[in-house]
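# Architecture at a glance
Each chain, written out:
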Amino acid sequence: MARKFFVGGNWKCNGTGEEVKKIVNTLNEAQVPSQDLVEVVVSPPYVFLPLVKSILRPDFHVAAQNCWVKKGGAFTGEVSAEMLVNLDIPWVILGHSERRALLNETNEFVGDKVAYALAQGLKVIACVGETLEQREAGSTMDVVAAQTKAIADRVSNWSNVVVAYEPVWAIGTGKVASPAQAQEVHDELRKWLAKNVSADVAAATRIIYGGSVNGGNCKELGGQADVDGFLVGGASLKPEFIDIIKAAEVKKSA
Ligand SMILES: O=C(CO)COP(=O)(O)O
């Protein structure tokens, strides 16, 4: 079964109500390939989720940028997976490197979150990726494998998981991984899944790339055999996000 191209827009901690409406209007008016070819998910900050969900075109979906690791309760400032389900938010991004680095989320904590969110019925975009230091030390695959293992140890059904490979050195830096660098890690990750989970999971799981993806580099990246789409930060706030969605067309001729 072919893996459907997946394009996620991670808006991070950006936007006013007015700006959010403007972005959604631009998306709503865009001509993009059909849902059969590409799955599009945008991830606004929590406070804008209901607004975006209510005005976004029905063929695009929404994701939260995080959720709590277990059932809600006395956890001030957190939002639970149950609440997202209650609001009909289908997706959640977990383990983003900004949260790992700035909020000290460990591999195990991220693994627990992924397992809990899946158990509540959410679909998960699970992020992994190495720092520049780790890449230069030659430990990229060890780091990414350890992050993926913490998820694999806790999750048996991968059908609602998309893995986002986001090298930290490429995030928000304008320094994109070369298509060959991205393909190399995606290929290794797929092999890791085949060996440690199953051949079926490895073949079916989408592995998307994130880190300075833009309208100019998306086609070449998307043309790599094991790159199944993108998680886009900065460019997802701009009209060029539409060009990135259209990069799904490269798989048609592949
Ligand atoms: O972190 C990212 C997506 O989650 C990537 O961010 P940029 O596209 O801004 O580099």
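Residues numbered from 1 in each chain as written. Predicted model: local features only at pLDDT ≥ 70, side-chain atom pairs only at ≥ 80, totals over all residues.

### A short note on the overall build of the chain
The test is simple: Going along the chain from the N terminus, every DSSP run of H or I of four or more residues is numbered as a helix, and every run of E of two or more is numbered as a strand. The globule rule is 2.2 Å times the number of residues to the power 0.38, and the radius of gyration it is compared with is taken over C-alpha atoms. Whether a residue is buried, exposed or partly exposed is read from the other C-beta atoms within 10 Å of its own C-beta, which are placed from the backbone; 20 or more gives buried, 12 or fewer gives exposed, and intermediate counts give partly exposed.
Along the backbone of the chain there are eleven helices and eight strands. Relative to the globule expectation of 18 Å for 254 residues, the C-alpha radius of gyration of the chain, 17 Å, shows essentially globular dimensions. Evaluated residue by residue, the chain yields a buried proportion of 44% over its 254 residues.

### Looking at the sheet that holds strand 2 (residues 38-43)
The test is simple: A pair of strands is considered paired only if DSSP assigns at least 2 bridges between the two. Angles run from 0 to 180 degrees between N-to-C directions of axes, and those axes are lines fitted to C-alpha atoms, restricted for helices to the stretch in contact. C-beta atoms are placed from the backbone for every residue, and two residues are taken to be in contact when these atoms lie within 7 Å.
Here eight strands make up a closed barrel; going around it, the order is 1-2-3-4-5-6-7-8 and the pairing parallel. When the angles between neighbouring strand axes are averaged without regard to direction, this sheet yields 25 degrees. As judged from the three bridges shared by strand 2 and strand 3 (residues 60-64), these two strands associate in the parallel manner. What sits directly across from V41, in strand 3, is H61. In this fold helix 5 (residues 107-119) packs onto strand 4 (91-94) and strand 5 (123-128), with an angle of close to 175 degrees to the strand it touches most, strand 4.

### A closer look at the nonpolar core
Operational definition: For the purposes of this analysis, a nonpolar core is taken to be any set of buried Ala, Val, Leu, Ile, Met, Phe, Trp, Tyr and Cys residues that are connected through C-beta atoms within 7 Å.
V7, V92, A117, V124, I125, A126 and I244 are the most contacted members of the largest nonpolar core, which totals 76 residues. In contact with V92, other than residues within four places in its own chain, are A63, A64, C67, L84, A117, L122 and V124.

### As for the packing of helix 5 against helix 7 (residues 140-152)
Applied cut-off: The scheme is simple: roughly parallel for angles under 35 degrees, roughly antiparallel for over 145, roughly perpendicular for 65 to 115, oblique for anything else. Two helices cross in a left-handed way if the nearer one is turned anticlockwise from the farther one by less than a right angle. They cross in a right-handed way if the turn is clockwise. Asp, Glu, Lys and Arg are counted as charged, while Ala, Val, Leu, Ile, Met, Phe, Trp, Tyr, Cys and Pro are counted as nonpolar; the rest, among them Gly, fall into the polar class.
Between helix 5 and helix 7, the least distance of the axes is 8 Å, while the angle of their chain directions is 40 degrees. One finds that helix 5 runs oblique with respect to helix 7. Handedness of the helix 5/helix 7 crossing: right-handed. Residues N107, E108, V110, G111 and V114 of helix 5 touch helix 7, and the partners they reach there are A146, Q147, A150 and I151. Looking at the contact of helix 5 with helix 7, its residues break down into five nonpolar, three polar and one charged.

### Some thoughts on helix 7
The α-helix advances 3.6 residues per turn, and as a result positions three or four apart in sequence lie on the same side. Selection rule: Every helix has an expected span of 1.5 Å times one less than the residues it contains.
Taking 1.5 Å per residue, 13 residues should reach 18 Å; helix 7 reaches 18 Å between its end C-alpha atoms and fits that length. Residues of helix 7 that are buried include every one of T140, V144, A145, Q147, T148, A150 and I151, and no others. Where the residues of helix 7 are buried, they touch helix 5, strand 5, helix 6 (132-136), strand 6 (161-165) and helix 8 (179-196).

### Observations concerning the pairing of strand 4
Successive residues of a regular strand alternate their side chains across the two faces of the sheet. Put simply, the rule is: Orient the strands so they point away from the viewer; a crossover is then right-handed if the path from the first strand over the helix to the second runs clockwise.
Alternating positions in strand 4 separate into two faces, W91 and I93 on one and V92 and L94 on the other, with burial throughout. Note that strand 3 and strand 4 share two bridges and pair parallel. When the bridges of strand 4 are listed, A63 appears paired with W91. At this point the chain moves from strand 3, through helix 3 (residues 81-86), to the parallel strand 4, and the crossover so formed is right-handed.

### Describing the confidence of the model for the chain
We count it as follows: For every residue, the predictor reports its confidence as pLDDT, a number between 0 and 100.
With 99% of its residues at a pLDDT of at least 70, the chain reaches an overall mean of 97. Both scores are given for the predicted complex: the pTM is 0.98, the ipTM 0.99.

### As for the packing of helix 7 against helix 8
Two elements in contact, helix 7 and helix 8, have axes whose closest approach is 11 Å; the angle formed by their N-to-C orientations is 40 degrees. In terms of their interaxial angle, helix 7 and helix 8 are classed as oblique. Between helix 7 and helix 8 the crossing geometry is right-handed. Where helix 7 approaches helix 8, its residues T140, M141, V144, A145, T148, K149 and A152 are matched on the opposing element by V185, E188, L189, W192 and N196.

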